[in-house]
Amino acid sequence: MTSKLTITPGQLSLDNLRHIWRDAALLELTKSAYTAINTSASTIHKIVEKGAPAYGINTGFGKLAKTHIPNDKLEELQRNLIMSHSVGSGELIADEVARLILAMKIGSLARGYSGIRASVIDTMIALYNAGIMPCIPSKGSVGASGDLAPLSHMTLALMGEGNVRVAGGLQPAKEALQQAGIEPVRLASKEGLALINGTQVSTALALHGLFLAERLLEAAMVSGALAVDAAKGSDAPFDPRVHAVRGQPGQITVAHVYRELLAGSEIRKSHLVNDERVQDPYSLRCQPQVMGACLDLIGNAGRTLLIEANAVTDNPLVFAEEGDVISGGNFHAEPVAFAADTLALALAEIGALSERRIALLIDSTLSGLPPFLVASSGLNSGFMIAHVTAAALASENKSLAHPASVDSLPTSANQEDHVSMATFAGRRLHEMAHNTATIVGIELLAAAQGIDFHRPLATSPRLAKVQQGLRQRVAFYDKDRFFAPDIEAAKQMVLQGDLGASNKDLFGGLY
């Protein structure tokens, strides 16, 4: 970690969050935040001294909220809470997602509505900056009453319990904290509840999906433009007048991107006249309409998730000025679930349209290219089964795109009787994104193959640069060979954002 990011509570930007997700910058908390933190913690201390019952401070939790807990048992209450709620299962959440969880939790608690001591927040920052990532199982939250189980596993690390991940390897938390010179936290009144109530896990998983969706949208526009040229398609459907009369903002923006990507193509110039085709298939012609709608969905989801990333979502909330502690429901992650569900739609459609273009390119009656994009077809199968893989993944995404937010199972003896399922809604985006990245990677290979068959005619300068970058990793497919490594190389170009990075001036302002 070389760069430093200062967290001002309530003011994280999407660029800040992308930076945390991508680069693991060192974190610090702005000094001005500590006044509100300390005032909020002092309010909790006064409530404890007074002895009046207050949920989660000196009572049990959920259905047990009517049980009063004596002052000498309050630390044990918070410890028991974390231990009993650490019941997650499944694969561990990736480090880039864990970083987002920690950073957003730090920012939320630092707003001064949670009653948590500054020393606990400082320990979280120290943990993050030491590269100690909590081992958080990915399954076990229904996205209401907060992401209780996964955030409990996060809190275990602060307490020196369980395992953590350091430089990709597992290590006992107690040992890792000792090596980093970090004192384990002993939780005071309400602090365990403040740490595990909240939507940070759901939001981090959805942000992970959002940032991958941005890269996939860019890559699919590049591969889609390349497919237009490979199939000797027309750029007339990208005329700005067509999109202006409809007025959809994403569509207008995306059409501009396609025009720029295809500008200067010799292949296009070669069939401007005497082309017997009147219209291209929808997968070529309607790209601005589909991808523009995806851009709008991604933008809407980003706005919702940015609000949530800065939100105070634990319970109860401390309003120190009035001395009030109010039980509410900000932990209910319905906005996150809806955002994740719409991202799932965008991911599925990006992949679905890309799969259709692969099918077009391998069909010589539509593309005018050699069957299955290989010489001596019959002896060689070419891209025949690569397309089958793309079709299989596109079909999987259709099932995964079913909205998670429409499901609900009551928990906690019907006290928590409606939940959001936001955590699964966010978690499944990773699998969908990898499915779509594979599809777009296959399209990139297929379109590049088609471009090579048109030589000596060249594609546009922008697309030629992409073609060159691909050919440095994957050779022209002259005859059948072990194909999976080629697909993986193209997929990684998509996931790493290489296709968008080669056209930064076009994509920089999309989000």
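Residue positions within a chain follow its written sequence, with the count starting from 1. With pLDDT at 70 or above as the cut-off, local features in this predicted model cover only qualifying residues; side-chain atom pairs require 80 or more to be listed or tallied, and sums for whole chains, interfaces and linings still use all residues. Only heavy atoms go into the side-chain values, all of them from the structure, while hydrogens and water stay out.

> Sorry, what's going on with the overall build of the protein chain here?
Across its full length, the protein chain carries 22 helices and nine strands. Rg of the C-alpha trace for the protein chain: 26 Å, near the compact-globule value of 24 Å for 511 residues, within the 12% margin. For the protein chain, the C-alpha atoms occupy an extent of roughly 90 × 50 × 45 Å along the three principal directions. Counting across all 511 residues of the protein chain, residues that qualify as buried make up 55%. Of the contacts made within the protein chain by residues no fewer than 6 positions apart, 79% connect residues no fewer than 24 positions apart. Using a 1.4 Å probe, the Shrake-Rupley method yields the accessible areas, and only the shown protein chains count as cover for residues. Surface summary for the protein chain: the accessible area is close to 20,900 Å², and the carbon and sulfur share equals 54%. Working convention for charge: Lys and Arg count positive, Asp and Glu count negative, and His plus the chain ends are omitted. By convention, charge coordinates are those of NZ in Lys, CZ in Arg, CG in Asp, or CD in Glu. Across the protein chain, the mean location of the 43 positive side-chain charges is 2 Å away from that of the 50 negative side-chain charges. Numbering of helices and strands runs from the N terminus; a helix is a DSSP stretch of H or I covering at least four residues, while a strand is a stretch of E covering at least two. Radius of gyration here is computed from C-alpha atoms only, and the compact-globule reference equals 2.2 Å multiplied by the residue count raised to the power 0.38. Note on classification: 1.4 Å probe, protein chains only; a residue is buried when its accessible area is under 20% of the maximum for its type, exposed when over 50%, partly exposed between these limits. In this analysis, two residues are considered to be in contact whenever any of their non-hydrogen atoms come within 4.5 Å of each other.

> Looking at this structure, I do not really get the packing of helix α4 (residues 95-109) against helix α5 (residues 118-129). What am I missing?
All axes are obtained by fitting lines to C-alpha atoms, using only the stretch in contact for helices, and the reported angles, taken between N-to-C directions, cover 0 to 180 degrees. Interaxial distance between α4 and α5 falls to 10 Å at its minimum, and their mutual angle equals 155°. As the angle between them shows, α4 and α5 are arranged roughly antiparallel. Note that α4 runs across α5; the crossing there is left-handed. The residues of α5 that touch α4, namely those facing R99, L102, K105, I106 and L109, are I121, M124, I125 and Y128. Each residue is assigned to one class: nonpolar for Ala, Val, Leu, Ile, Met, Phe, Trp, Tyr, Cys and Pro, charged for Asp, Glu, Lys and Arg, and polar for all the others, Gly among them. When the residues that make up the contact of α4 with α5 are grouped by side-chain class, the tally is seven nonpolar, no polar and two charged. Should an angle lie under 35 degrees it is considered roughly parallel, over 145 roughly antiparallel, and from 65 to 115 roughly perpendicular; all remaining angles are considered oblique. Helix crossings get a hand from a simple test, with the near helix turned counterclockwise from the far one by less than a right angle marking a left-handed crossing and a clockwise turn marking a right-handed one.

> Teacher, can you tell me more about the sheet that holds strand β7 (residues 169-172) here?
The strands making up a sheet associate through backbone hydrogen bonding, with each pair oriented either parallel or antiparallel. By the convention used here, strands pair only if DSSP detects at least 2 bridges between them. Spatially, the three strands line up as an open sheet ordered β4-β6-β7, and their pairing is antiparallel. Each edge of the open sheet is held by one strand with a lone partner, namely β4 (132-134) and β7. Adjacent strand axes in the sheet meet at a mean angle of 40°, parallel and antiparallel pairs treated alike. Seen against the sheet, helix α7 (residues 173-180) touches β4, β6 (163-166) and β7 and runs at an angle of roughly 90° to β7.

> Please clarify how a nonpolar patch on the surface should be interpreted in this entry.
To count toward a patch, a residue needs a relative accessible area over 30% and no salt bridge; like charges are then connected within 9 Å, while nonpolar side chains (Val, Leu, Ile, Met, Phe, Trp, Tyr) are connected within 5 Å. When a carboxyl oxygen of Asp or Glu lies within 4 Å of a side-chain nitrogen of Lys or Arg, that pair is called a salt bridge. A contiguous nonpolar surface patch, about 250 Å² in accessible area, is contributed by M384, I385 and V388. Positionally, V388 belongs in helix α17 (residues 384-400). V388 gets classed as partly exposed once you look at its relative accessible area, which sits at 44%.

> Even after reading the chapter, I still don't get the packing of aromatic side chains, so can you show me in this structure?
Two aromatic rings, taken as a pair, are described by how far apart their centres are and by the angle between their planes. Under the pairing criterion, centres of Phe, Tyr and Trp rings, with the six-membered ring standing for Trp, must be within 6.5 Å; the plane angle then separates stacked pairs below 30 degrees from edge-to-face pairs above 60, leaving the rest tilted. Applying the stated rule across the entire model yields seven aromatic pairs. Seen in terms of ring centroids, F383 and F483 are 5.0 Å apart; in terms of plane orientation they differ by 85°. Their pairing is edge-to-face. Pair noted here: F383 is in the loop between α16 (364-367) and α17 and F483 is in the loop between α19 (461-471) and α20 (484-495), with a separation of 100 residues, a long-range link. By the burial criterion, F383 is buried, and F483 matches it. Through a chain of ring-to-ring contacts, three or more aromatic side chains come together here, namely F383, Y477 and F483.

> Looking at this structure, I do not really get the pattern of salt bridges. What am I missing?
Where charged atoms from two side chains of opposite charge approach closely, those side chains can pair. Taken as a whole and judged by the stated rule, the model has 20 salt bridges. In this structure, D239 and R241 form a salt bridge, with 2.7 Å as the shortest nitrogen-oxygen distance. When its relative accessible area of 63% is taken as the criterion, R241 is described as exposed. The salt bridge partner of R357 is E443, with a shortest N-O separation of 2.5 Å. Of this pair, R357 sits in helix α15 (residues 334-362) while E443 is found in helix α18 (residues 422-453), placing the two residues 86 residues apart along the sequence. According to the relative accessible area criterion, R357 is buried, its value standing at 0%. The exposure class assigned to E443 is buried, which follows from its relative accessible area of 0%.

> Mind showing me how you'd approach unusual backbone geometry here?
Trans is the prevailing form of peptide bonds, just as negative phi is the prevailing case for residues other than glycine. Following N315, the chain continues into P316 via a peptide bond in cis, with omega recorded as -5°. Its location among the elements puts P316 in the loop between α14 (287-309) and β8 (317-319). A cis amide bond links R455 with the next residue in sequence, P456, at an omega value of 15°. You can see P456 is positioned in the loop between α18 and α19. One non-glycine residue, F372, adopts positive backbone phi at about 60°. Looking at the secondary structure, you find F372 in the loop between α16 and α17. In the Ramachandran plot, S376 falls in the positive-phi region, its phi being about 55° despite a non-glycine side chain. With respect to the helices and strands, the residue S376 is situated in the loop between α16 and α17.

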